[in-house]
Structures are given as structure tokens and as C-alpha cells.
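# What the coordinates show
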Amino acid sequence: PNLVNKIAAGEVIERPASVVKELLENSIDAGSTRIEVHLEAGGADLIRISDNGCGIAEEQMTLAVTSHATSKLPDEDSLFHVGTLGFRGEALASIASVSQMIIRSRTPDAAGGSEMLIHGGVIDPPAPCGCPVGTVMEVRNLFFNTPVRRKFMRTPQTETSHIVEAFTRIALANPQVHMVLQNGNRVVHDLPATEQIRERIRAFFGDEIASGLIPISGDNGEVKLTGFVCDPSVSRGNNRMQYLFLNGRHIRDRALQHALGEAYRGLLMVGRFPICFINLDMPSDLVDVNVHPTKLEVRFTESGRIYSQLLQTLRHKFLTSDLT
Ligand code: ADP
Ligand code: MG
């Protein structure tokens, strides 16, 4: 089973940022209101994620790092896992198989916490420890036992920038959660909880971009579209400022990206890209989740309709808003 996990890890865990993404998603799923990420050496030496979520009971701990063991019911959260469905219940097992991991956790009703060490997938049984309610996941020396992967890690700066991107996507989709990112001694982001997505956008992209955004919304009965787009006349964005979320998870979708380009065609100055932060809420049966887990690409079973809805919503917006 250890070898299987190591192979799975190769699929799912490409670099430190993949670990951060998986652990952050788990912390969000655990209902946390505060999550802290601490890195050393761009995550190569240490990734520590602390949350104040529901915790893991001692008797569940071993199971949590066992392949295909998930506490998340498919009917309850199939939407949740739209980006990760291909490897549900495999993330922790994969990460634990290629690192030295410590898990400390405590549930609200437990008298104390428990701690568990996993070294290259070899699990030490959990032991009692003192800790607050919630979970701390420490991942040290990622890929220490897969030298080829370790060697292919980039500089700490490059790995950090990938981590910041993973952090940004999750922070934009979850403004109600206080999120902190610390790299060595430096606090990269400290984002207080807010009800306003625009406030979170401001924290990442600055006042000028945040203030210039136009709210959009659309609803065709099945697909609910909400978010912000830039005013074409003032756009100064680059193509890294296009964020699409499906049911609260970041996705890439070429059809939607294309729709966006179409909607803005002729409106933008050369070399500028439409900035957008768009969330789609829809039933999971309209989404084809049968795609590679790490690619973040989904297919919409009725992509044509979703495409035209986005286009219509944007056109409507631009035609009715007083743009000069
Ligand atoms: P999945 O998220 O697909 O269920 P994972 O391997 O990522 O699979 O996690 C396995 C299980 O470990 C989860 O189903 C959950 O029960 C538990 N778990 C992981 N991280 C946390 C956390 N931060 N807080 C509470 N429970 C967690
Ligand atoms: Mg998970």
C-alpha cells in the first residue's frame, strides 16, 4: 500500500503548492474560521497549516491518512469535491507517503488532543498531546524519499509564488475565513474575515482594481452566476487576474475564458485583459468531473448554455452600465 500511495502522490502532489492546496481545502471543509499557513524554504523544508476547525478524533486519525478513507459523504459534498473527485480520500495518504508529517488535532468535545507521526508513509500510532481545538498539519522535507521529485523542485521563491497563488484562489473563494500566510519570519498575507469579496480582492490586488470592479449576476434557474468584472475602459489587468470558481472551488475552463474574451472583444485596449472574479453555483450533474484531478479543468455537460449565459450577462452589463 505504501508504494501505491507513493505512486498516487506522484499524480496528485506535484510540488509544495499542491500540499498547501489540499491541506487548505481540508481546513475549509472542517469549517474553520481561521487558518494559518507557515512556510520554511518555500515549503520544501516545512509547510505547517493550523486551523480551528472540527478536528479529528483520535480513533479517526490513522484512517485519515489511509488511502481512500474519507469522512466526507458523496451525496453531501459531491459539489465540494468537484475539483478533486478523482482522488477523494487520497490527499493525506499521498502527502504522508512522501514527507515527514505530524498531525496534531483535537475535537471540541475531547478532553485533550492527539498527535501522530508519519514518516514516509509509516504511521506511528497516535498519542495524547495538549493542543487547542482544531488541527495542525506539519509537512517536513517534502519528497525526501523521492529524490527525483525533490530535485525537480524550483527555488524557494518560485515554489513560494506557486503557494501564494494556491492560497490566493482559496482565500478569494472563502472571504469569511481569516487567513494568514507566513513565509519564514515574513507575514505575506494577513486577511481578516469579511462578508465582502471585494474587500478580499482589495487585499490581493489593491484599491484601484478593487474599486473599479462592476458587480455582475445572472440566474437561469439552474446556474447562478455572481461576481465582479472590470470596467473595460479602465482595465489594466493581466491574464493572471481571471478567477473562475465553481461551487466555491477554483477552476479553469476554456469555454468560459473564451466567453469572457468575446464579451470584451473590441472594448479593451490592446494588451489588456479582462479582470474577473466569477463564481458559478450549479448542481453537480451539470458538471463532468471525470477529468484529471490536478488540472483543475472541468467540463460542463451543457457548456454551451453556460457559455452563452456568461456572455449574455456581461453584454447586458456593458450595454446598460454607463461606460464612456
Ligand atoms: P478528503 O478530503 O477527500 O476526504 P483527505 O485525504 O484530504 O481526503 O482527508 C482525509 C480525511 O481526513 C478527511 O475526510 C477528514 O475527515 C480528515 N481531515 C483532514 N484534514 C482535516 C482537518 N484540517 N480538519 C478536520 N479533519 C480533517
Ligand atoms: Mg482533502
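Residues numbered from 1 in each chain as written. Chains lettered and ligands numbered in written order. Predicted model: local features only at pLDDT ≥ 70, side-chain atom pairs only at ≥ 80, totals over all residues. Heavy atoms only, no water.

A count of helical and extended segments in the protein chain gives eleven helices and 16 strands. Each of the 324 residues in the protein chain was classed as buried or not, and the buried ones make up 49%. Partitioning the intrachain contacts of the protein chain with sequence separation of at least 6 by distance along the chain shows that 66% fall at a separation of at least 24. For the protein chain, the computed accessible surface area is about 15300 Å², with 53% contributed by carbon and sulfur atoms. (Helix = DSSP H or I, 4+ residues; strand = E, 2+ residues; numbered from the N terminus. Buried < 20%, exposed > 50% of the residue type's maximum accessible area, 1.4 Å probe, protein only. Contact = heavy atoms within 4.5 Å. Areas by Shrake-Rupley, 256 points an atom, 1.4 Å probe, with all protein chains shown as cover.)

Okay, the state of the cysteines next. All chains considered together, the criterion is met by zero disulfides. Among the cysteines around cysteine 131, which has no disulfide bond, cysteine 129 carries the closest sulfur, lying 4.1 Å off. Cysteine 131 gets classed as buried once you look at its relative accessible area, which sits at 13%. In this model cysteine 276 remains outside any disulfide bridge; the closest cysteine sulfur is found in cysteine 230, 8.0 Å from its own. (Disulfide = S-S within 2.5 Å.)

This part covers helix H8 (residues 197-205). All of the buried residues along H8 are Arg200, Ile201, Phe204 and Phe205. Angularly, the buried residues of H8 cover 110° about the axis, an arc narrow enough to put them on a single face. After H8 finishes, the residue glycine 206 shows a positive phi value of roughly 95°. (Arc of directions from axis to C-beta.)

Turning our eyes to something else, we now look at the nonpolar core. One finds Leu24, Met101, Phe167, Phe205 and Ile278 to be the most contacted residues of the largest nonpolar core, which totals 77 residues. The element contributing the most residues to this core is helix H2 (residues 16-29), with six residues. Lining this core are residues from two domains, each supplying at least three of them: domain 1 (2-191) and domain 2 (206-320). Non-local contacts of isoleucine 278, meaning those with residues more than four positions away in its chain, are made with Ile216, Leu225, Thr226, Gly227, Phe228, Val229, Tyr243, Leu244, Phe245, Leu260 and Leu310. (Core = buried A, V, L, I, M, F, W, Y, C linked by side-chain atoms within 4.5 Å. Domains from an automatic or database assignment.)

Time to look at the site of ligand 1. Neighbouring ligand 1 are 20 residues, the closest being Asp51, Thr70, Ser71, Lys72 and Gly89. Contact between ligand 1 and asparagine 26: an oxygen atom at 2.8 Å from a side-chain N or O atom of the residue. Taking aspartate 51, its side chain carries an N or O atom lying 2.8 Å from a nitrogen atom of ligand 1. Contact with the protein chains covers 93% of the free accessible surface of ligand 1, which is 530 Å². Counting residues per element, the ones that place at least two in the shell around ligand 1 are H2, helix H5 (91-97) and strand E7 (134-140). For the shell around ligand 1, a count of residues per class yields eight nonpolar, eight polar and four charged. (Near = heavy atom within 4 Å. Polar contact = N/O pair within 3.5 Å; in protein donor to acceptor, adjacent residues only side chain to side chain. Nonpolar A, V, L, I, M, F, W, Y, C, P; charged D, E, K, R; others polar.)

Now for the packing of aromatic side chains. Counted under the stated rule, the structure contains five aromatic pairs. When the centroid spacing of 5.9 Å and the interplanar angle of 55° are considered together, the rings of phenylalanine 205 and tyrosine 243 count as tilted. Taken as a pair, phenylalanine 205 in helix H8 and tyrosine 243 in strand E12 (residues 242-246) lie far apart in primary sequence, 38 residues in all. We note that phenylalanine 205, like tyrosine 243, is buried. (Phe/Tyr/Trp six-rings, centres within 6.5 Å; stacked < 30°, edge-to-face > 60°.)

Here six bridges tie strand E3 (residues 100-106) to strand E4 (residues 113-119), and the two strands are oriented antiparallel to one another. The residue bridging isoleucine 103 from the neighbouring strand is methionine 116, located in E4. Between the end of E3 and the start of E4, which pair antiparallel, lie six residues. Looking at chain direction, E4 and strand E6 (residues 127-129) are connected through three bridges and run antiparallel. Considered in E6, the bridge of serine 114 is made with proline 128. The sheet contact formed by E4 and strand E5 (residues 122-123) spans two bridges and is antiparallel. (Pairing = 2+ DSSP bridges.)

Checked against the element boundaries, threonine 194 lands in the loop between strand E9 (186-191) and H8. Within the structure, the side chain of threonine 194 is placed 2.9 Å from the backbone nitrogen of glutamine 196, a separation counted as a polar contact. Residue contacts for threonine 194: discarding those within four places in its chain leaves Pro175, Gln176, Glu199 and Arg200.

So yeah, pure geometry; function would need other evidence.
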